[in-house]
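Fold and geometry: a report
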Amino acid sequence: MTAPDRKRLEAKLIEQLEAAQAITDELGLDQTGYLVERALDDARAVHWPHIDPNVEAFRQLPKPKG
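Our subject in this report is the structure included herewith. The model shown is predicted, which means the values in this text are computed figures rather than measured ones.

1. As for the environment of Ala11
Its place among the elements puts Ala11 in helix α1 (residues 3–27). As for Ala11 and Arg44, which are separated by 33 residues in sequence, their C-alpha atoms are 8.5 Å apart.

Here you go:
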């Protein structure tokens, strides 16, 4: 599998998991929604491995004055 094909499939997986998450929210399936959310987090981490949401959020905090 070529790298562009892999990225395309990863993006498709994320789209499908986002749709599944919306369905679980609408149906009120909390436990299933949690599992879908975990799968979505994992798929996003694979698709964008260089982005650490914790580090990115930390960098956006205002720097202390003084």
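2. Focus on a negative patch on the surface
On the surface, Asp25, Glu26, Asp30, Glu37, Asp41 and Asp42 cluster together into a negatively charged patch. Secondary structure elements with two or more residues in the negative patch: α1 and α2 (30–47). A per-element tally of the negative patch places α2 first, with four residues. Using a relative accessible area of 38% as the deciding quantity, one classes Glu37 as partly exposed.

3. Structural notes on a nonpolar patch on the surface
Side chains of Ile23, Leu27 and Leu29 sit close together on the surface and give an oily, nonpolar patch of about 290 Å² of accessible area. In this structure, Ile23 sits in helix α1.

What counts as what
Residues numbered from 1 in each chain as written. Predicted model: local features only at pLDDT ≥ 70, side-chain atom pairs only at ≥ 80, totals over all residues. Heavy atoms only, no water. Helix = DSSP H or I, 4+ residues; strand = E, 2+ residues; numbered from the N terminus. Patch = residues over 30% accessible without salt bridge, like charges linked within 9 Å, V, L, I, M, F, W, Y side chains within 5 Å. Areas by Shrake-Rupley, 256 points an atom, 1.4 Å probe, with all protein chains shown as cover. Salt bridge = Lys/Arg side-chain N within 4 Å of Asp/Glu carboxyl O. Lys, Arg positive; Asp, Glu negative; His and termini not counted. Charge placed at Lys NZ, Arg CZ, Asp CG, Glu CD. Buried < 20%, exposed > 50% of the residue type's maximum accessible area, 1.4 Å probe, protein only.

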